[in-house]
Amino acid sequence: MANTQQVRRAPLNRERVLHAAVALADGIGIEALSMRKLAQELGVVPMALYKHVANKDELLDAMVEAVVGEIEAPASGADWKSAVRHRILSARAALLGHPWAAEVIRSRTGPTPAVLAYLDSVIGMFRAGGLSVDLTHHVMHALGSRVLGFTQELFDAPAGPAPAPAPAGPSPYPHVMELAAAVAHDDGSVIGPGCDDQFEFEFALDLLLDGFDRLHRQGWTSAVR
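Right, let's walk through the structure included here. (Residues numbered from 1 in each chain as written. Predicted model: local features only at pLDDT ≥ 70, side-chain atom pairs only at ≥ 80, totals over all residues. Heavy atoms only, no water.)

Put simply, helix 9 (residues 133–143) and helix 11 (residues 198–217) touch, their axes get as near as 11 Å, and they point 165° apart. Relative to helix 11, the element helix 9 lies roughly antiparallel. As helix 9 runs across helix 11, the sense of the crossing is right-handed. Residues L135, V139, A142 and L143 of helix 9 pack against L205, L208, F212, L215 and H216 of helix 11. (Axes fitted to C-alpha atoms, helices over the stretch in contact; angles between N-to-C directions. Helix = DSSP H or I, 4+ residues; strand = E, 2+ residues; numbered from the N terminus. Parallel < 35°, antiparallel > 145°, perpendicular 65-115°, else oblique. Left-handed = near helix turned anticlockwise from the far one by under 90°. Contact = heavy atoms within 4.5 Å.)

A separate point is the packing of aromatic side chains. As enumerated under the stated definition, the model contains three aromatic pairs in all. Taken together, a centroid distance of 5.6 Å and an interplanar angle of 55° make the contact between W80 and F126 tilted. Separated by 46 residues along the polypeptide, W80 in helix 6 (residues 80–97) and F126 in helix 8 (residues 113–128) bring together distant segments of the chain. Per residue, the accessibility class of W80 equals that of F126, and both read buried. Seen in terms of ring centroids, F199 and F203 are 6.3 Å apart; in terms of plane orientation they differ by 15°. Their pairing is stacked. Placement of both F199 and F203 in helix 11 is noted, with a separation of four residues, approximately one turn of the helix. With respect to burial, F199 and F203 carry one shared label: exposed. Members of the aromatic cluster, each reached through a chain of ring pairs, are W80, F126 and F212. (Phe/Tyr/Trp six-rings, centres within 6.5 Å; stacked < 30°, edge-to-face > 60°. Buried < 20%, exposed > 50% of the residue type's maximum accessible area, 1.4 Å probe, protein only.)

So, in structure tokens, the structure goes:
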């Protein structure tokens, strides 16, 4: 009890609010997070939070900033492919620690300053590796959400228990059923809903990086020749 009272007597500041918000979202999920629940967690009245964040939207942006701050700095001395790969997989590791963060990032209308700084660093790695501005532009589009460590799936996986087995007889979608029956995913390495486990993520990332490297070596340009 004494320790709890001591924590609650600690001065409230923005850093403490964000730390508590991230921990609370980790525990109960982003949908359940509210300013009232956060205030209860901190042992303060809800109005006290508004001295440090203007509203819940600002809180969510700041929480994203905190998670992005966990991404490891770029490795020095590595070739551009290795450096980009390490940076993106570090981003994925940060998001795996806070699975709600990908959902919040997708919900924002624009990148926060920390996200912009991260994107700038990745672009800088491609440019330092000799890729042209033209190729780098298309590279970033091709990476899409993968540059931040997660895959935006075409369809989200359904919530709840797995569907019951299909009735006996031929399926109208035999190839879909064949794939669904054969493939298993490691739920512990998935960020958000959908098929996004670590193996699939690295498989796609490596294919893309190899393709970018090949185009770079070929002197590829989007201009009509």
